[in-house]
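Architecture and fold: a report
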Amino acid sequence: MDSQPNNLYDTASQPDTGHDDAYRFLEFNTQGEEDFDYPEFQELSQPNAIRSSPSSSVWPTPSDSISVDATAAVDHHSDNNASPVSETSAKGGGGRGNNNHNNHLNNHNNDNNNQASAVDALAAGMSGLNFEDTGDDEGYEYAKGDFMEHACRYCGVQNPACVVRCNVPSCRKWFCNSRGNTSGSHIVNHLVRAKHKEVCLHKDSPLGETILECYNCGCRNVFLLGFISAKTESVVVLLCREPCLNVNALKDMNWDLSQWCPLIDDRCFLQWLVKVPSETEQLRARQISAQQINKVEELWKTNPDASLEDLEKPGVDDEPQPVVLKYEDAYQYQNVFAPLIKLEADYDKMMKESQSKDNLTIRWDIGLNKKRVAYFVFPKEDNELRLVPGDELRLRYSGDAAHPAWQSVGHVIKLTAQEEVALELRVSQGVPCDVNHGFSVDFVWKSTSFDRMQGAMKTFAVDETSVSGYIYHHLLGHEVEVQMVRNALPRRFGAPGLPELNASQVFAVKSVLQRPISLIQGPPGTGKTVTSAAIVYHMAKQGQGQVLVCAPSNVAVDQLAEKISATGLKVVRLCAKSREAVSSPVEHLTLHYQVRHLDTSEKSELHKLQQLKDEQGELSSSDEKKYKALKRATEREISQSADVICCTCVGAGDPRLANFRFRQVLIDESTQSTEPECLIPLVILVGDHCQLGPVIMCKKAARAGLAQSLFERLVLLGVKPIRLQVQYRMHPCLSEFPSNNFYEGTLQNGVTINERQSTGIDFPWPVPNRPMFFYVQMGQEEISASGTSYLNRTEAANVEKNSDYFFKKWCSSKSDRCYNTI
């Protein structure tokens, strides 16, 4: 075999994953076996069809085949009683598959003749037997029968040619390629909902026990995999969409990469790969709804061995008590929201702790604070979880002959442009920094945010002084008489350092200063941040104490802190300790920065201890105790002297603010916060319930109402929001649609058409004074790597091409305005 000439794959770069059962090339017999006689094989015009030679009615000769053991394949396929098989692919002329498997094929062929006579004799003996007609079996239910191990876990179909195994080690369940009562096949439904990506075919299927993976890189994400015809048209090659379709080495392999087609089409596997069960099989199968699929998938996350019958057990699928508009008292309020927060916390913990990664390569460095920093690439997953600065991770090394087992916890300080994660370790002693390979990373789940929500609800329920009586009854939806706050209104409602306010912004500021609780609705581009900063400025000048400013995200808090600081107020930006090493545009406003740079003689001792800690990495126990006491005192002093304290909603529960009382609170982007999250700071809510709402990961909690913001519930209760009505962002033609469809036509334009037009640019807009551009593309729609959305690569390429052209022309003609306009 080694001497076989002209092996097509001698030049291919092909890593060996070490899996004998992983077949990268699939070889198909296009003749003979009627059970698997797919019409796709014969229609060359179909894009997903395997291409056979139209001029030849025989199987390709060994010299034409790319498979090293092609002779065995031909002999085997010549037997009409044999199913098509998958052959292992070649690697440098030596073959990458399992040689035992190939030998088995040859032995099997020799046995066929001996077995034929025995089969004929058995058939002759059975021909004389009479069988009693038992009638039809319409009463048979797949749901109640005893299934084979490979039966579809949804519907019970167990035809080996129709089922696929989820190959994730913690799952290993089988599913069929039928749609049933859903929009996609059962296997695709499972992969999407379970966020699994790898599959294996059944050993008795036409292609044998084949793990689907990319020939070039070994990628097993079936949502990325597709096929192309190889040099011999009886063989297809599996390649992933990214990045292997663009690998230069593969472009020289005489493959037409433009003919690449995905393995999943219309949310089903291609039928030549996995058959669709016949109508009879589907009629006999268990009828399962999309709702039942969702529920059993949720159940499998906590009980992998559960069945559909378990859904009928009491307490298994109980829905939590839903959120309502009105509550009798704070105890009922707590009894509704507490279980929902618990559900979300449990789901968040499960998601994060399941994201362990092994075999990572580490690049070591030392930070400016002398702490050890580990850089590594964290493989991206197409799911809800995303790494962000401040996340805590555990870095592990299992040990070797020269190093003991080691682990340390750190927090993410940045994500580099090269997609590396920078993890700053808490402890620098004992780090195996001379080792770079074989590390593992685990998420460290923190319950802090959920604990603070639960604590806020408990305080709201038992502490009568937590909020005023008016706000208490308002939040519970009780009928209360409208109250006004008697304040001396300013003569000018704008604020220094901010743009002049328009009429609707002035009205908003004036109204907020006279109400105990207010909602400000800010459509896109209407100046929510400027209006919020003006409100905070006038609140701080009223002499009623410090103002607390919050938002659900750190980015929103930073933007607001920057605007408020521009008015001349003294602002302190309170960050979580895990984010103190993360760079920020308002770093000079952060509490930890101000503590470090407070230049007074009384703080000289704190500075000396801080410098010693930076240089040595740690202090003696007595010095550490002194350092912490001095630092706490300094933090409190700086915080008490501030006009405004800015933090996230969850950050409002920070122990450093435990003894602070705020009479005035503003929450920006409040419609993106859950109600318990808003309860931590609580009470001017700025947002827009017509835009994005809170992100809730647990579907059960979302269905029960946790995805509804406090802002939205108050609107439903009849609290009329103050709407900002002038937008400064969009071309007037673009603002027309949201104004009419979401804001009752009240949205006005603070910019003219001329201010949003570009002159001297040769760009093919259909209508020069309209910014909407429709460009029809005929590219093939493909499923995304996550399985949850779609993509069109032809369309994306043209959008990129047109956008690049437009931006280059625009920036070259108006470079001074390019950044601000875009």
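Residues numbered from 1 in each chain as written. Predicted model: local features only at pLDDT ≥ 70, side-chain atom pairs only at ≥ 80, totals over all residues. Heavy atoms only, no water.

Description of the packing of aromatic side chains
Scanning the model with the defined rule gives 18 aromatic pairs in all. Taking the centre distance of 5.1 Å and the plane angle of 75 degrees together, the rings of tyrosine 327 and tyrosine 333 count as edge-to-face. Here tyrosine 327 matches tyrosine 333 in class, with each residue buried. Every member of this aromatic cluster is reached through a ring pair, and the members are Tyr327, Tyr333, Phe337, Phe460 and Tyr472. In this structure, lysine 173 packs its charged tip against the face of tryptophan 300, placed 4.8 Å from the ring centre. (Phe/Tyr/Trp six-rings, centres within 6.5 Å; stacked < 30°, edge-to-face > 60°. Buried < 20%, exposed > 50% of the residue type's maximum accessible area, 1.4 Å probe, protein only. Lys NZ or Arg CZ within 6 Å of the ring centre and 35° of its normal.)

As for the environment of leucine 791
In this fold, leucine 791 is placed in strand β27 (residues 790-792). Look past the residues within four positions of leucine 791 in its chain and what remains in contact with it is Arg241, Gln780, Glu781, Glu782, Ile783 and Ser784. (Helix = DSSP H or I, 4+ residues; strand = E, 2+ residues; numbered from the N terminus. Contact = heavy atoms within 4.5 Å.)

Observations concerning helix α15 (residues 621-641)
Each full turn of the α-helix corresponds to 3.6 residues, which orients residues three or four apart in the same direction. Helix length check: α15, at 21 residues, gives a terminal C-alpha distance of 31 Å against a target of 30 Å (1.5 Å per residue), a fit within 8%. Of all the positions in α15, only Glu624, Tyr627, Lys631, Thr634, Glu635, Ile638 and Ser639 are classed as buried. Buried residues of α15 fall within an arc of 130 degrees about the axis and therefore sit on the same side. Those residues of α15 that are exposed and aimed more than 90 degrees away from the buried face are Lys625 and Arg632. (Expected span 1.5 Å × (residues − 1). Arc of directions from axis to C-beta.)

Some remarks on the nonpolar core
One finds Leu212, Val222, Leu239, Trp255, Phe269 and Leu273 to be the most contacted residues of the largest nonpolar core, which totals 63 residues. Of all the elements in the fold, those that place two or more residues in this core are β2 (163-166), β3 (174-176), α3 (186-194), β4 (199-201), β5 (225-229), β6 (235-240) and α6 (290-302). In terms of residues, this core owes the most to one element, β6, which gives six residues. Among the nonpolar cores identified, the runner-up in size contains 61 residues, and Cys550, Leu574, Leu606 and Ala652 belong to it. (Core = buried A, V, L, I, M, F, W, Y, C linked by side-chain atoms within 4.5 Å.)

Digging into helix α9 (residues 469-476)
Buried residues of α9: Tyr470, Ile471, His474, Leu475 and Leu476, and no others. Where α9 is buried, its residues contact α7 (330-353), α8 (448-462), α16 (675-679) and α18 (710-716). Directly beyond the C-terminal end of α9, a positive phi value near 85 degrees is found at glycine 477.

Here we look at a nonpolar patch on the surface
Judged by side-chain polarity, Leu734, Met772 and Phe774 come together as a nonpolar surface patch covering roughly 320 Å² of accessible area. Mapping phenylalanine 774 onto the fold places it in the loop between β25 (748-749) and β26 (781-783). Classification of phenylalanine 774 by relative accessible area gives exposed; the value is 71%. (Patch = residues over 30% accessible without salt bridge, like charges linked within 9 Å, V, L, I, M, F, W, Y side chains within 5 Å. Areas by Shrake-Rupley, 256 points an atom, 1.4 Å probe, with all protein chains shown as cover. Salt bridge = Lys/Arg side-chain N within 4 Å of Asp/Glu carboxyl O.)

Describing the sheet that holds β2
Read from one edge to the other, the open sheet built from three strands follows the order β3-β2-β4, with strand pairing classed as antiparallel. The open sheet has two edge strands with one neighbour each: β3 and β4. The average angle at which neighbouring strand axes cross in this sheet is 35 degrees, direction not considered. Examined bridge by bridge, β2 and β4 share three bridges and lie antiparallel to one another. Within β4, the position partnered with arginine 165 by the bridge is cysteine 200. Strands in contact with α3 are β2, β3 and β4; relative to β3, the strand with the most contacts, it is inclined by about 130 degrees. (Pairing = 2+ DSSP bridges. Axes fitted to C-alpha atoms, helices over the stretch in contact; angles between N-to-C directions.)

Quick look at the sheet that holds strand β14 (residues 406-415)
Taken in spatial order, the seven strands of this open sheet run β10-β16-β13-β14-β15-β12-β11, and their pairing is antiparallel. If you trace the sheet from one side to the other, it starts and ends with β10 (357-360) and β11 (363-366), each paired once. For this sheet, the mean inter-axis angle between neighbouring strands, taken without regard to orientation, is 35 degrees. Sheet topology places β11 next to strand β12 (residues 372-377); four bridges connect them, and they run antiparallel. Each residue of the ladder has a partner; that of isoleucine 366, found in β12, is arginine 372.

Considering the pattern of salt bridges
Within this structure, the stated rule accounts for 23 salt bridges. In this structure, arginine 179 engages aspartate 266 in a salt bridge whose closest nitrogen and oxygen atoms are separated by 2.7 Å. Placement of arginine 179 in the loop between β3 and α3 and of aspartate 266 in the loop between β8 (264-265) and β9 (268-269) is noted, with a sequence separation of 87 residues between them. Residue arginine 179 is classed as partly exposed on the basis of its relative accessible area, which comes to 27%. A single network of salt bridges, built from pairs that share partners, joins Glu580, Glu635, Asp654 and Arg656.

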